[in-house]
Amino acid sequence: MSNHFTGLSLGPPMGDQRLDLCDLYAFTAPGDPDRTVLILNANPNADALHPDAIYRMNVDTDGDLLTDVAFSWVFGQPGADGSQTYSVTMATGEEARNPEAVGTPIVTDAAVSFGPRANVVESGAYTVAAGSRSDAFFFDFDGIKNLFDTSGNRNFTAPHLGGKSPWTGVDSNTTANVFSMAIELPTAALRPSPTLRVWGRCSVRRDGGLVHADRAGHPSMSSFFNTDDTKEEYNASEPVNDRERWTDQFVHLLGHTGGYTEEEARAAIDDHGLLPDVLHFDPAKPAYYPNGRTFTEDVIDVRVAFLTKNEAPPTGLTPHTDTLDRFPYLGDPHRS
């Protein structure tokens, strides 16, 4: 859950775990270099998603930071037994910039899987699944709390550097589940030229309109770069405006967390491609963050090293071993 803690007071967006986007992955399908996998995880409770929300994977194919391909996921009202259905549409071009769930249906009223095995749906050239899966994200949460001063719900913006290592060596996520939305499709359908820019969005219907509750691009961004003063605005904002709106704030923060000069901070942000906050993926190159993202990268190591100008030591954790080499790639959920 690298995108966790994006709501106020280290909580979920709008106080609702169902609206909490957790991780975004993009990689080439194992064994088929002509297909791309996109996975958007939400809701660390791994139960039913919000029936009044739209969960989207936005893809910019030409670098203008406007959506060219959008996959919208909507979910039905949960049944008395906890069951739920979902539908997926794909929109392209101008239609993809409509925040509603518009476009051509890929899956309609398919069953969400909460049991031990994923309900994999084949729909033409698309393979789709939604439901509870084992969370592949690994991190040392107790170590994070040792490293950052979160007293008074200060968020992860004040590191304690020096002295002994903050890391405990314990992965806090070994038995965690998450709600996963996965799609595999021909890479040609995404029209990469050559790099895709991908971001997740969760919007919820309020008072007849859609309110943008959360977004996900690079791992571990809002929770580390924002405080309660800016989280809600950041979650609702669009990547096309990121550099103008957020660069100065990020530069200021890096001066505190890593002793960066303004010039160093601006150069580091550009070198790492952090703004705009979108996941870059060139399918012609091996997928490994920051080119896409797979399940093996220690993204907390990457982000903490960036924040502290390499002053914090590595976490020493290893990837989870229950991921699959077949769709939907995340492991079967842990039993509660």
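Everything that follows concerns the structure shown earlier in this document.
Notes on the structure in this doc start here. (Residues numbered from 1 in each chain as written. Predicted model: local features only at pLDDT ≥ 70, side-chain atom pairs only at ≥ 80, totals over all residues. Heavy atoms only, no water.)

## With respect to the overall build of the protein
Right, so step 1: Tallying secondary structure elements over the protein gives 6 helices and 12 strands in all.
Right, so step 2: In terms of overall size, the protein behaves like a compact globule, its C-alpha atoms giving a radius of gyration of 19 Å where 336 residues would be expected to give roughly 20 Å.
Right, so step 3: For the C-alpha atoms alone, the extent of the protein along its principal axes is close to 55 × 45 × 45 Å.
Right, so step 4: Relative to its 336 residues, the protein shows a buried fraction of 56%.
Right, so step 5: Considering only contacts in the protein between residues 6 or more positions apart, those separated by 24 or more positions represent 66%. (Helix = DSSP H or I, 4+ residues; strand = E, 2+ residues; numbered from the N terminus. Rg over C-alpha atoms; globule rule 2.2 N^0.38 Å. Buried < 20%, exposed > 50% of the residue type's maximum accessible area, 1.4 Å probe, protein only. Contact = heavy atoms within 4.5 Å.)

## Thoughts on the layout of surface pockets
Right, so step 1: Counted as a void, the largest pocket has a volume near 210 Å³.
Right, so step 2: Forming the walls of the largest pocket are 16 residues, and the residues nearest its centre are Asn-58, Thr-67, Arg-97, Trp-199 and Glu-238.
Right, so step 3: For the lining of the largest pocket, the elements supplying multiple residues, two or more each, are β3 (53-60) and β10 (196-206).
Right, so step 4: Residue classes in the lining of the largest pocket are distributed as 7 nonpolar, 5 polar and 4 charged.
Right, so step 5: Approximately 180 Å³ is the volume attributed to the second largest pocket.
Right, so step 6: Lining of the second largest pocket is provided by Asn-45, Ala-46, Phe-114, Gly-115, Pro-116, Ser-132, Asn-177, Pro-333, His-334, Arg-335 and Ser-336.
Right, so step 7: Along the lines of polarity and charge, the residues of the lining of the second largest pocket split into 4 nonpolar, 6 polar and 1 charged. (1 Å grid on protein atoms, 1.4 Å probe; cavity = no way out; pocket = protein on both sides within 12 Å on 5 of 7 lines; lining within 4 Å. Points joined across faces, edges and corners; volume = space filled by probe spheres on them. Nonpolar A, V, L, I, M, F, W, Y, C, P; charged D, E, K, R; others polar.)

## Here we look at the packing of aromatic side chains
Right, so step 1: On inspection of all chains with the given rule, the structure shows 17 aromatic pairs.
Right, so step 2: On the numbers, 4.8 Å between centres and 75 degrees between planes, the contact of Tyr-25 with Phe-295 is edge-to-face. Of this pair, Tyr-25 sits in strand β1 (residues 21-28) while Phe-295 sits in the loop between β12 (279-281) and α6 (299-307), and the two are 270 residues apart along the sequence. A single burial state applies to Tyr-25 and to Phe-295, both of which are buried.
Right, so step 3: Ring geometry for Tyr-234 and Phe-250: centres 6.3 Å apart, planes at 25 degrees, overall stacked. Placement of the pair is Tyr-234 in helix α3 (residues 231-236) and Phe-250 in helix α4 (residues 242-257), with a sequence separation of 16 residues. Both residues of the pair, Tyr-234 and Phe-250, count as buried.
Right, so step 4: Linked through ring pairs, Tyr-55, Trp-73, Phe-75, Tyr-86, Phe-114 and Phe-179 together constitute an aromatic cluster.
Right, so step 5: Between the NZ or CZ atom of Arg-215 and the centre of the ring of Tyr-234, over which it lies, the distance is 4.2 Å.
Right, so step 6: Residue placement shows Lys-309 over the ring face of Tyr-260; its charged tip is 5.1 Å from the ring centre. (Phe/Tyr/Trp six-rings, centres within 6.5 Å; stacked < 30°, edge-to-face > 60°. Lys NZ or Arg CZ within 6 Å of the ring centre and 35° of its normal.)

## Topic: the pairing of β3
Right, so step 1: Of all the 8 residues making up β3, 8 are buried; the element is thus mostly covered by neighbouring parts of the structure.
Right, so step 2: Here β3 shows no split at all, with Ala-53, Tyr-55, Met-57 and Val-59 on one side and Ile-54, Arg-56, Asn-58 and Asp-60 on the other all buried.
Right, so step 3: With 8 bridges connecting them, β3 and β10 associate as antiparallel partners. Its bridge partner being in β10, Met-57 is matched across the sheet by Gly-200.
Right, so step 4: Note that β3 and strand β4 (residues 69-75) share 5 bridges and pair antiparallel. Along β4, the bridge assignment pairs Tyr-55 with Trp-73. (Pairing = 2+ DSSP bridges.)

## Thoughts on α4
Right, so step 1: Along α4, the largest kink reaches about 25 degrees and is centred on Asp-248.
Right, so step 2: Those residues of α4 that fall on the buried side of the exposure criterion are Asp-242, Trp-246, Thr-247, Phe-250, Val-251, Leu-253, Leu-254 and Thr-257.
Right, so step 3: Lining the buried residues of α4 we find β11 (209-216), α2 (222-225), α3, α5 (262-272) and α6. (Bend = angle between axes of the 7 residues up to and from the residue.)

## With respect to the packing of α4 against α5
Right, so step 1: Between α4 and α5, the shortest axis-to-axis distance is 9 Å and the interhelical angle comes to 125 degrees. One finds that α4 runs oblique with respect to α5. Crossing hand, α4 versus α5: right-handed. Two secondary-structure elements touch here, α4 through Arg-243, Thr-247, Asp-248, Phe-250, Val-251 and Leu-254 and α5 through Glu-262, Ala-265, Arg-266, Ile-269 and Asp-270.
Right, so step 2: When its residues are assigned to classes, the contact of α4 with α5 shows 5 nonpolar, 1 polar and 5 charged. (Axes fitted to C-alpha atoms, helices over the stretch in contact; angles between N-to-C directions. Parallel < 35°, antiparallel > 145°, perpendicular 65-115°, else oblique. Left-handed = near helix turned anticlockwise from the far one by under 90°.)

## A look at the pattern of salt bridges
Right, so step 1: Per the stated rule, a full pass over the model turns up 15 salt bridges.
Right, so step 2: Of the charged contacts in the structure, one is a salt bridge between Glu-184 and Arg-35, with a shortest N-O distance of 2.8 Å. On the criterion of sequence distance, the pair formed by Glu-184 in strand β9 (residues 177-186) and Arg-35 in strand β2 (residues 35-42) is long-range, its members being 149 residues apart.
Right, so step 3: For the salt bridge of Asp-248 with Arg-266, the shortest nitrogen-to-oxygen distance reads 2.7 Å. In this pair, Asp-248 is assigned in helix α4 and Arg-266 in helix α5, connecting sequence segments 18 residues apart. (Salt bridge = Lys/Arg side-chain N within 4 Å of Asp/Glu carboxyl O.)

None of this, on its own, says anything about what the molecule does.
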